[in-house]
2 protein chains.
Amino acid sequence: MEFELNILGCGSAKPTTRHQPTSQLLNVRGKYFMIDCGEGVQTQMQKMGLSMLSIGHIFISHNHGDHIFGLPGLIGTMDLLGRTAELHIHGPQQVGELLDFLQRTYYADIGYKVLFHPVDTQQHALVYEDRSIMVHSIPLRHRLPTAGYLFREKPGLPHIRRDMIDAYQIPVSQINNIKAGASWTTEDGTLIPHERLTTPATPPRSFAYCSDTVYLPELKDIIRGVNLLYHEATYLHERALRAEQTLHTTAVQAATLAKDAEVGKLCIGHFSAAIKDEDALLREARSIFPRTILANEGLVVGI
Amino acid sequence: MEFELNILGCGSAKPTTRHQPTSQLLNVRGKYFMIDCGEGVQTQMQKMGLSMLSIGHIFISHNHGDHIFGLPGLIGTMDLLGRTAELHIHGPQQVGELLDFLQRTYYADIGYKVLFHPVDTQQHALVYEDRSIMVHSIPLRHRLPTAGYLFREKPGLPHIRRDMIDAYQIPVSQINNIKAGASWTTEDGTLIPHERLTTPATPPRSFAYCSDTVYLPELKDIIRGVNLLYHEATYLHERALRAEQTLHTTAVQAATLAKDAEVGKLCIGHFSAAIKDEDALLREARSIFPRTILANEGLVVGI
């Protein structure tokens, strides 16, 4: 089942012809979780064949334009497309002001509800949970209150071994019990242990999003072992001072965090408009953490 | 000298992969006048090599998202690009609410002033004037207060005939006088009439923008004889009832207005997302007014 990240935009505040402002879509078995919502997301989703109505929740990192100015248009378009399902938007308190203004001024009469859930950017806490996934906030440090987000699948059930079910002629009515951990006793009283009837569950997958933020080495404990880390890498390390001043991260720092947190893969983005050669960022990151890739509009990363 | 229209977006509210929401840029001798400002204008301007800092004035037709949701990002980017010159935004009173909110919430500290000038959408009145151009509002009728805009060059000065200046050895200091209408007397007392020293001024050029609006035949008197008319043509005429209900225009109606107003050329846009074959709109319009063209992102129309 899908657990994949769609990059809709990975530029930074100053626009370029190479990149769109920040937005991503995590597809968890057909449910879409949007993370940040820069201007132009609708166009990018349409180019990638992603349905806007499949978005149930939007997680906003912080209230800077390049992470949220796609919201005004997206909310309106969802109404034009006939949305009736509630839309949940999570983010720092400030984001609520934009939503209030939009609802008061433009969207008093739309056909669905937009519900805002403020996120405490100081806490690593549960933000959202459903049957299959948990989302926790990650406290980041930027020029405004900012949160990253950690998406973790809940542990799944083991997979039934079709061949064993057939061999022991186990009725279909028992399959859910067996998935849930039961064993099976045949008519002649032989106990077939649960482990023989199943293969282990798919390991739960995880994704962490950290942007925008200054380098925070202590994040390694929160994001340890995630399958995929998206981390901003606005600058080359030669501009480490600039990164610190503007509360951004260099490629070296992002890769160091990925290494220290022993993540599966690192995807870097939020590229400064001044960087013409993003491969230089990639080389820098890979010198520390080889399993690094560059974000790009249209990229889909299976997790 | 340039007097040309750049189409940045000519779709309607529901986004498509074919078109961006509405925005245009009228380039008057290097000064940029933006008309409407849909989401994605920055990307489109960069693709077309148009500098955002050359925009002095923005004219907004009405407060619908597909005509203004590019403003939040554009204002911020101009600051990132180091703008210090005032930015003037003209539009119906409601547009001021968005600007107030943006300035209060996002742009309290930017390095330039954004000045809002409310436009009375009931009046055909002067909205802006400088040395070379006059802009008048055009009262339109849509679901919100809406104004179109009429751009007219002021009459220019006649052109100096270089050959005559040389032949009569007229000093450079006299050229402005002659442009302004003076004649010249040679040393032997011969009067060289003004008309002999100059060729007539370039005729003033004009452009009218009408979107969004229901068909208003009476506009013909306001826009009579303009060189270029941009008019919305959201629907084919088979959907004339829908056009009337939603206060939009069909291609036939736009062309009828162009014909009745004896304009030089008609450019149609604001295409409904449901229209896959825009050539059908073009054929319909040309059957009534042959000098019709289809708007498209990236199109530059010399006037």
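**Details of the overall build of chain A**
Across its full length, chain A carries eleven helices and 18 strands. Its C-alpha atoms put chain A at 75 × 55 × 35 Å along the principal axes. In chain A, the share of contacts with a sequence separation of at least 24, taken over all contacts with a separation of at least 6, comes to 63%.

**As for the packing of helix H10 (residues 251-260) of chain B against helix H11 (residues 278-286) of chain B**
Residues and elements named next belong to chain B. H11 packs onto H10 with a crossing angle of 35° between their chain directions and a minimal axis gap of 8 Å. Considering only the axes of H10 and H11, their crossing is right-handed. Packed against H10, whose contacting residues are Ala251, Val252, Ala254 and Ala255, the element H11 presents Leu281, Glu284 and Ala285 at the interface. Residue classes in the contact of H10 with H11 are distributed as six nonpolar, no polar and one charged.

**Focus on helix H10 (residues 251-260) of chain A**
Residue and element names in this part refer to chain A. Among the ten residues of H10, seven are classified as buried, and the element is accordingly described as predominantly covered. Within H10, burial applies to Ala251, Val252, Gln253, Ala254, Ala255, Leu257 and Ala258. Tucked inside the fold, the buried residues of H10 contact helix H8 (219-223), strand E15 (228-232), strand E16 (265-269), helix H11 (278-286) and strand E17 (292-294). Glu262 sits one or two residues past H10 and shows a positive phi near 50°.

**Quick notes on the relation of the copies chain A and chain B**
Superposition record for chain A on chain B: RMSD 0.2 Å, screw rotation 179°, translation along axis 0.1 Å. With respect to symmetry, the two chain copies, as superposed, fit the operation of a two-fold axis. Relative to the rotation axis, the C-alpha of Gly40 of chain A is the closest in chain A, positioned 2.7 Å from it. The residues that chain A uses at the interface reappear at the interface of chain B in 95% of cases, marking a shared surface.

**Here we look at the interface of chain A and chain B**
Taken together, the contact between chain A and chain B spans 22 residues of the former and 21 residues of the latter. Only helix H1 (41-47), helix H3 (71-80) and helix H4 (95-105) of chain A provide two or more residues apiece to the side of chain A that touches chain B. Broken down by element, the side of chain A that touches chain B gets its largest block of residues, five residues, from H3 of chain A. Residues of the side of chain A that touches chain B, tallied by class, amount to seven nonpolar, eleven polar and four charged.

**Digging into the domain arrangement of chain A**
Along its sequence, chain A is carved into domain 1 (3-156 + 202-302) and domain 2 (159-199). Taking the mean C-alpha position of each, domain 1 of chain A and domain 2 of chain A sit 43 Å from one another.

**Some points on the sheet that holds strand E8 (residues 133-141) of chain A**
All names here are of chain A. Pairing is mixed across the open sheet formed by seven strands, whose spatial order is E7-E8-E9-E14-E15-E16-E17. Each end of this open sheet is capped by a strand with a single partner; those strands are strand E7 (126-129) and E17. Averaged over all adjacent pairs, the angle separating strand axes in this sheet is 20°, with direction ignored. Here strand E9 (residues 145-153) runs beside strand E14 (residues 206-210); their pairing, made up of four bridges, is antiparallel. Within E14, the residue paired with Leu150 across the bridge is Ala208. Each of E16 and E17 touches H11; the most contacted strand, E17, lies at about 170° to it.

**Looking at the sheet that holds strand E1 (residues 3-9) of chain B**
The strands that make up a sheet are held in pairs by hydrogen bonds between backbone atoms, and each pair lies either parallel or antiparallel. Residues and elements named next belong to chain B. One open sheet accounts for seven strands, arranged E6-E5-E4-E3-E2-E1-E18; its pairing is mixed. Looking along the sheet, the strands with just one partner apiece sit at the ends: strand E6 (114-118) and strand E18 (300-302). For this sheet, the mean inter-axis angle between neighbouring strands, taken without regard to orientation, is 20°. When strand E3 (residues 31-37) meets strand E4 (residues 55-59), the two strands line up parallel, connected through four bridges. Note that in E4 the partner of Tyr32 across the bridge is Ile55. With respect to the sheet, helix H4 (residues 93-105) is in contact with strand E5 (87-91) and E6, its orientation differing from that of E6 by roughly 160°.

**As for unusual backbone geometry**
Residue and element names in this part refer to chain A. In the segment running from Ser211 into Asp212, the intervening peptide bond is cis, with an omega of -5°. Mapped onto the fold, Asp212 is located in the loop between E14 and H8. Positive phi values are uncommon outside glycine, yet Gln169 reaches one of about 50°. Locating Gln169 in the fold gives a position in the loop between helix H5 (162-167) and helix H6 (175-179). Positive phi, normally seen in glycine, also occurs at His270, with a value near 60°. Mapped onto the elements of the fold, His270 is located in the loop between E16 and H11.

**Some details on H4 of chain B**
Residue and element names in this part refer to chain B. Between its terminal C-alpha atoms H4 stretches 19 Å, which fits the 18 Å expected from 13 residues at 1.5 Å a residue. Residues of H4 that are buried: Val95, Leu98, Leu99 and Leu102. Looking straight down H4, one finds its buried side chains confined to an arc of 95°; they lie on one side. Buried residues in H4 make contact with helix H2 (65-68), helix H3 (71-80), E5 and E6.

**Considerations on the pairing of strand E3 (residues 31-37) of chain A**
Residue and element names in this part refer to chain A. Counted residue by residue, E3 has five buried out of seven residues, so it is predominantly covered. By the bridge criterion, six bridges tie strand E2 (residues 23-28) to E3 in an arrangement that is antiparallel. Within E3, the residue paired with Leu25 across the bridge is Met34. Between the parallel elements E3 and strand E4 (residues 55-59), the chain passes through H1 in a crossover that is right-handed.

**Things to note about the confidence of the model for chain A**
Caution applies to low-pLDDT parts of the model: their predicted coordinates are not meant to be read in detail. Mean pLDDT over chain A: 96, with 100% of residues reaching 70 or higher. We note a pTM of 0.93 for the whole complex and an ipTM of 0.92 for its interfaces.

**Describing the environment of Cys37 of chain A**
Residues and elements named next belong to chain A. Its location among the elements puts Cys37 in strand E3. For Cys37, a count of 32 C-beta atoms within 10 Å translates into the label buried. Discounting residues that sit within four places of it in the chain, Cys37 has contacts with Ser23, Ile58, Ile60, Ile68, Gly70, Leu71 and Leu74.

**A closer look at the environment of Ile275 of chain A**
Along the chain, the position of Ile275 of chain A falls in the loop between E16 and H11. A sequence separation of 208 residues divides Ile275 of chain A from His67 of chain A, and the C-alpha atoms of the two residues are 19 Å apart.

Basis of the calculations
- Residues numbered from 1 in each chain as written.
- Chains lettered and ligands numbered in written order.
- Predicted model: local features only at pLDDT ≥ 70, side-chain atom pairs only at ≥ 80, totals over all residues.
- Helix = DSSP H or I, 4+ residues; strand = E, 2+ residues; numbered from the N terminus.
- Contact = placed C-beta atoms within 7 Å.
- Axes fitted to C-alpha atoms, helices over the stretch in contact; angles between N-to-C directions.
- Left-handed = near helix turned anticlockwise from the far one by under 90°.
- Nonpolar A, V, L, I, M, F, W, Y, C, P; charged D, E, K, R; others polar.
- Buried ≥ 20, exposed ≤ 12 C-beta atoms within 10 Å, placed from the backbone.
- Least-squares fit on C-alpha atoms with pLDDT ≥ 70 in both.
- Domains from an automatic or database assignment.
- Pairing = 2+ DSSP bridges.
- Expected span 1.5 Å × (residues − 1).
- Arc of directions from axis to C-beta.
- Right-handed = clockwise from strand over helix to strand, strands pointing away.
- pLDDT = per-residue confidence, 0-100.

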